[in-house]
Amino acid sequence: MKKQYLLTPGPTPIPPEVALKEALPILHHRTNEFAAIYKDVAESLKYVFQTKNEVFLLAGSGTGAMEMAVTNILSPGDEVIVAGCGNFGDRWIKIAETYGVKVISASAPWGNVVKPAEIEKALKANPNIKAVYTTSTETSTGVVNDIKAIGEIVAKTNAVLVVDTISGLAGQEFKMDEWKVDVTVSGSQKGLMLAPGLAFISLSEKAWKLTETSKIPKFYFDIKKYKKSYATNETPFTPPVTLIVALQESLRLIKERGIENVWNDCKLLAKAARAGMQALGLELFGEVPCEVVTSAKVPEEIGGKIVKTLREKYGVSIAGGQADLKGKIIRFAHMGYIGKADLLVGFACLEMVLVELGMKIEKGKAVAAAEEALLNG
Ligand SMILES: Cc1ncc(COP(=O)(O)O)c(C=O)c1O
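What you see is a predicted model; the values in this text were computed from it and never measured. (Residues numbered from 1 in each chain as written. Predicted model: local features only at pLDDT ≥ 70, side-chain atom pairs only at ≥ 80, totals over all residues. Heavy atoms only, no water.)

Colleague: Is there a simple way to explain the site of the ligand in this structure?
Modeller: In the neighbourhood of the ligand, 14 residues make up the surrounding shell, with Ser61, Thr63, Thr139, Asp164 and Lys190 lying closest. Within the side chain of Thr63, one N or O atom sits 2.5 Å away from an oxygen atom of the ligand. With respect to the ligand, the side chain of Thr139 contributes an N or O atom lying 2.4 Å from an oxygen atom. Taken by itself the ligand offers 390 Å² of open surface, and the protein chains cover 87% of this. Only helix H3 (62–71) and helix H4 (87–98) provide two or more residues apiece to the shell around the ligand. With three residues, the top contributor of residues to the shell around the ligand is H3. Looking at the shell around the ligand, its residues break down into three nonpolar, eight polar and three charged. (Near = heavy atom within 4 Å. Polar contact = N/O pair within 3.5 Å; in protein donor to acceptor, adjacent residues only side chain to side chain. Areas by Shrake-Rupley, 256 points an atom, 1.4 Å probe, with all protein chains shown as cover. Helix = DSSP H or I, 4+ residues; strand = E, 2+ residues; numbered from the N terminus. Nonpolar A, V, L, I, M, F, W, Y, C, P; charged D, E, K, R; others polar.)

Colleague: What is the right way to read the packing of aromatic side chains from this model?
Modeller: Two numbers describe a pair of aromatic rings. These are the distance of the centres and the angle of the planes. Counting across every chain of the model gives eleven aromatic pairs. With a centroid separation of 6.0 Å and 80° between ring planes, the pair formed by Phe56 and Trp208 is classed as edge-to-face. In this pair, Phe56 sits in strand S2 (residues 55–59) while Trp208 sits in helix H7 (residues 205–211), placing the two residues 152 residues apart along the sequence. The residues Phe56 and Trp208 share a single accessibility class, namely buried. An aromatic cluster is built from Phe34, Tyr38, Phe56, Trp208 and Tyr230, whose rings are joined through pairwise contacts. Directly above the aromatic system of Trp208 lies the positively charged group of Lys227, at a separation of 4.7 Å from the ring centroid. (Phe/Tyr/Trp six-rings, centres within 6.5 Å; stacked < 30°, edge-to-face > 60°. Buried < 20%, exposed > 50% of the residue type's maximum accessible area, 1.4 Å probe, protein only. Lys NZ or Arg CZ within 6 Å of the ring centre and 35° of its normal.)

Colleague: Hey, could you run me through the nonpolar core in this one?
Modeller: Side chains of nonpolar character tend, in soluble globular proteins, to be buried together. Counting residues in hydrophobic clusters, the biggest one holds 91 residues, and the most contacted among them are Leu45, Tyr133, Leu192, Ile201 and Leu247. It is helix H9 (residues 241–257) that contributes the most residues to this core, nine residues altogether. Residue-level mapping places this core at the junction of two domains, with at least three residues from each of domain 1 (5–10 + 258–376) and domain 2 (16–256). Once residues lying within four places of it in the same chain are set aside, the contact partners of Tyr133 are Ala69, Val70, Ile73, Leu74, Val80, Ile81, Val82, Ala83, Trp92 and Val162. Ranked by size, the runner-up nonpolar core spans 40 residues in total, among them Val144, Ala273, Val292 and Val353. (Core = buried A, V, L, I, M, F, W, Y, C linked by side-chain atoms within 4.5 Å. Domains from an automatic or database assignment. Contact = heavy atoms within 4.5 Å.)

Colleague: Can you walk me through the sheet that holds strand S14 (residues 329–333) in this structure?
Modeller: In sheet architecture, strand pairing relies on hydrogen bonds along the backbone and comes in two forms, parallel and antiparallel. The strand order S11-S14-S13 describes an open sheet built from three strands, whose pairing is antiparallel. Strands with a single pairing partner mark the edges of an open sheet, and in this sheet they are strand S11 (293–297) and strand S13 (319–320). Helix H10 (residues 259–279) contacts S11 and S14 of the sheet and is inclined by roughly 15° relative to S11. (Pairing = 2+ DSSP bridges. Axes fitted to C-alpha atoms, helices over the stretch in contact; angles between N-to-C directions.)

This is how it looks when you write it as structure tokens:
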């Protein structure tokens, strides 16, 4: 029997208190009992999103909420800016183009961060832009974009700012209202410490105005249906009741810790992970590393084998690179229920795997560097 350590940037491990809730008998969703849970969850989500706006829950993965953030505010032929810097930023382009929306790029190369000045330039050159789509933490490369600076720029125009916080929420600092974000989307399987299957979306007043003119066809993902049901603490369709019951518990844990402390915990783990990678002689990847996942370059001869060997031999799951970065980077997550001890276990096993794959490293150095960072904050 092998114990599993999940250090991937989603799904992430689930705390036992939360997992136990998933085992409870199913509730019917048109009952006062469920409505009370839904109401509590909806309020707590506002705290995590740092918003006064309603946060809607839907059955689906994060991409479902991304699609909703396109189909509910736009019409075919509309022009938008996509400012991405990796695989998930590119997803905005694919969704928008699927619905006949014209995309103007203000994207940065993978590994870099989005440049707010590029967005400003694109907005000035294209006055009809309806929305700017970007990503908080770009999980595929491990960087974080300056959402606050982008928010200041977009707020001065008629366009709305749409941000993917699927991997960043409850990990990387994010303040929807203060940072002038109009649409935020997220998912359950990362900082929120839940199984995959729930997605979230929240709209500002400015974004709601666009829903009035949006002509892209939609049925299941029609946000107006969700808003109508929200008024009676319901969802328009059968919700993933089990996940919502468990979400109440994970949100309780987050509130108990305090969102600023949650951000700071991830910051400290990120510091330790960066120190660990560097102690192994691995160069960190990404222009501005985020605090929920650490990426480092690995020698290409062994790049493809590290993730597989770690998982198969030691039960430790980390992530490799995606698309062009396949075999070139490794990604080590530190969000949600991933703690200091998990990080040290991860580095100890990574050291063994690197030795086994023939890399000349000094055993114990990464663990010592990570310990040092954890001890000294
Ligand atoms: C930043 C980001 N955006 C979008 C997604 C896609 O989310 P999902 O797989 O839940 O649809 C992910 C998932 O890893 C992500 O990290």
